[in-house]
Amino acid sequence: MGEKREIRILGIETSCDETAAAVTKNGREVLSNVISSQIAVHTEYGGVVPEIASRKHLEKIDEVIELSLSEAGLDFSSLDAVAVTSGPGLVGALLVGVSEAKALAYAIGKPLVAVHHIAGHIAANYIENPDLRPPFVCLVVSGGHTELVLVRDYGSFEILGQSRDDAAGEAFDKVARAVGLGYPGGPKVDRAAEGGDPEAIRFPRGEVSGNPYDFSFSGLKSAVLNYINRAKMTGEEISVPDLCASFQASVSEALVSRAIRLCRERKCESLAIAGGVASNSALRKRVEAECLENGIRFYRPSPVLCTDNAAMIACAGYYEYLSGRRDGASLNACPNLPLGALCPKRGREEGQGR
Amino acid sequence: MLTLGIEASGRSAGAALLRDGRLLSEYSLNVGLTHSETLLPLIEALLKASGVSLSDLDLIAVSAGPGSFTGLRIGAATAKGLALPGGIPLLPVSTLEGLMQNVSEFPGYVHPILDARRSQVYTASYLHGEKVLPEEAVSIESLLKKIRSFPGKQLFLGDGVFPYRELLSECLGEKLVLASPANLLQRASSIAILGERNFSLAKSAEKFRLHYVRKPQAEREREAKGLRDYDLLGEKRGGETKDRLLPRNYPIDSGGYEN
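No experiment lies behind these values; they were computed from the predicted model shown.

**So, the pairing of strand β4 (residues 59-63) of chain B**
- Buried residues dominate β4 of chain B, accounting for 5 of its 5 residues.
- Taking every second residue as pointing to the same face, both faces of β4 of chain B are buried, with Leu59, Ala61 and Ser63 of chain B on one and Ile60 and Val62 of chain B on the other.

**Section: the packing of helix α3 (residues 95-102) of chain B against helix α7 (residues 188-197) of chain B**
Residues and elements named next belong to chain B.
- Direction vectors running N to C along α3 and α7 enclose 105 degrees, while the axes themselves pass 8 Å from each other. The angle between the axes of α3 and α7 places the two elements in the roughly perpendicular class. Each of Glu97, Gly98, Gln101 and Asn102 in α3 lies in contact with α7, whose residues at this interface are Ser190, Ile191, Ile193 and Leu194.
- Residues that form the contact of α3 with α7 fall into these classes: 3 nonpolar, 4 polar and 1 charged.

**Description of helix α5 (residues 168-178) of chain A**
All names here are of chain A.
- With 8 of 11 residues buried, α5 is to be regarded as a mostly interior element.
- Regarding α5, the residues found buried are Ala168, Gly169, Glu170, Ala171, Phe172, Asp173, Val175 and Ala176.
- Considering only its buried residues, α5 is in contact with β6 (136-141), β7 (146-153), α6 (185-192), α7 (218-234) and α8 (240-265).
- In the segment just after α5, Gly180 is the residue with positive phi, at about 80 degrees.

**So, the sheet that holds strand β8 (residues 156-162) of chain A**
All names here are of chain A.
- With mixed pairing, the 5 strands of this open sheet are ordered in space as β8-β7-β6-β9-β10. The sheet is open, and its two edges are formed by β8 and β10 (297-299), each paired on a single side. Ignoring which end each strand starts from, the neighbouring axes of this sheet average 25 degrees apart.
- With 3 bridges connecting them, strand β9 (residues 270-274) and β10 associate as parallel partners. Looking at β10, one finds that Ala272 is bridged to Tyr299.
- The strands that helix α9 (residues 281-294) touches are β9 and β10; relative to β10, the one it contacts most, it runs at about 160 degrees.

**Structural notes on the nonpolar core**
- The biggest cluster of nonpolar side chains holds 185 residues, and the ones touching the most others in it are Val82 and Ala314 of chain A together with Ile60 of chain B.
- Dropping the residues within four chain positions of it, Ile60 of chain B is found in contact with Leu4, Ile6, Ala79, Leu82, Ala83, Ile88 and Leu90 of chain B.

**Digging into the interface of chain B and chain A**
- Taken together, the contacts link 53 residues of chain B with 67 residues of chain A.
- For the side of chain B that touches chain A, the element with the highest residue contribution is helix α2 (residues 69-83) of chain B, accounting for 10 residues.
- Per-class residue counts for the side of chain B that touches chain A are 25 nonpolar, 13 polar and 15 charged.
- As paired elements, strand β3 (residues 29-37) of chain A and strand β11 (residues 248-249) of chain B share 2 bridges and run antiparallel to each other. Looking across to β11 of chain B, one finds that Val34 of chain A is bridged to Asn249 of chain B.

**Focus on the domain arrangement of chain A**
Residue and element names in this part refer to chain A.
- When the domains of chain A are assigned, the result is domain 1 (8-122 + 307-322) and domain 2 (133-301).
- Computed over C-alpha atoms, the centres of domain 1 and domain 2 are 27 Å apart.
- Across the boundary between the two partners, domain 1 contributes 12 residues, which contact 18 residues of domain 2.
- Elements supplying a minimum of two residues to the side of domain 1 that touches domain 2: α1 (39-43), α4 (117-128) and α11 (311-322).
- If you tally residues by element for the side of domain 1 that touches domain 2, the top one is α4, at 4 residues.

Rules used throughout
Residues numbered from 1 in each chain as written. Chains lettered and ligands numbered in written order. Predicted model: local features only at pLDDT ≥ 70, side-chain atom pairs only at ≥ 80, totals over all residues. Buried ≥ 20, exposed ≤ 12 C-beta atoms within 10 Å, placed from the backbone. Helix = DSSP H or I, 4+ residues; strand = E, 2+ residues; numbered from the N terminus. Axes fitted to C-alpha atoms, helices over the stretch in contact; angles between N-to-C directions. Parallel < 35°, antiparallel > 145°, perpendicular 65-115°, else oblique. Contact = placed C-beta atoms within 7 Å. Nonpolar A, V, L, I, M, F, W, Y, C, P; charged D, E, K, R; others polar. Pairing = 2+ DSSP bridges. Core = buried A, V, L, I, M, F, W, Y, C linked by C-beta atoms within 7 Å. Domains from an automatic or database assignment.

Shown next, in the form of structure tokens:
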């Protein structure tokens, strides 16, 4: 029936400390990917301050949206839908994007599609890998999440393993703080580990009983802190590169061993990684090597698509749009939205600062 | 001239349409639902029932604080989303001035008070529509001390009346006047009226700013300690850029902004 229509989706993402907007064409082609990063602001506090994040989102969101359209060479009328992260994340931060996106969709008379933040991270893999299609296993690792997900189909997920305590990214932040590297921990530990010996210190691999795919990082974090304290007390000098490299080796092994095991047991031929920690160079190398060894195809997004961005939201939003999902003017932000779930109706506002 | 007024700074969500000084329509909901669930549906219904489309609007006026941080942001982000595509001018209107407008014909002093928690109220004082005390967050006792010498009837309104009604009555006795229930809380129509009056000050969506009065707690604490980032992290501060949040496009082969 005629030539294939191009679907252009504006994605909006404000779940944490990046104000982002992007436009994709037919899901996988990124026409623009605009980010206003608040890292410089939150660094002054040693971590993300929710109230400040919310205020900055509101200040920057229009500029970000307009730049995403002008970089894509489009205007509002050429969009087919607006996709927005509705959760999980910081409630006050999410509400800025959700409120703006809802009003925008209404104003231009186009459908609104809510996107789960983690579904967005997983979808980031589609952008540079035209051959990647479900089913595949995805290891999601970020500041707030550590999950092993079986992606059955677009928008259809089964979480088979997750962290029982800290997210992997949290462990990075805490270790970075303990050795004086500061925030954000992920990239700083990664850089500090360059030239370090990953076998210098043997940290625990976070074994847990029960579900073989679950993770635990609080024990590892404590082991690193204990090691630092013991060295301080005995006056022993700590090699920060060795410590960071050894810590990364422990995190990577815990993550990769479970991901590979899941692929083998489920006879899944493809493994993808996603989330901010997926830009960690030690983890990327490790997954790549083990995938090669086990005959599993390995997919990963570029670093710019690993950290929070709106291109991934516009990409995931495209598949939600195709599946017929439409959200209305009463869409709410859901700070604890489980993957694959709809936001429960009727909730009280949280985080009502005054 | 057609103005849409939006008010979401308190417990109720409201919207009103004003055409050349005449109120066309006003909706308000205070039913325990969050503003993010009620505000936009309410605006849609208001426009539809009034036979008005967004493109007919000359101005969107928004209650811009002080008030609930989250509520203010839902109101502002909604207004910005509505205004952005068509370039409708946006105007921030003081929430306290909006309350004052509810009782604009009152001949004496008007004191809007909004519960600011931490035993404080957001307040300002007005006489004949002119501000006589600035917007600030203070304790009710401190406000009462400041207005002790003000002669005549003193009208109070806003949600701060609920916790302090008895104290006000004790201190002011016969001088105290409380607004009637219809005028006691924030109203979108008052925001629209003030918006229309100050139309020339309207801004584009990206220049619109809220007026929180209070800084975020983390910022206040840091300032109290006199700490800067390099004190916290033992790092030397890099060269200040003009806008640290400057949005940039990151094409997909750019390798990431960490680099």
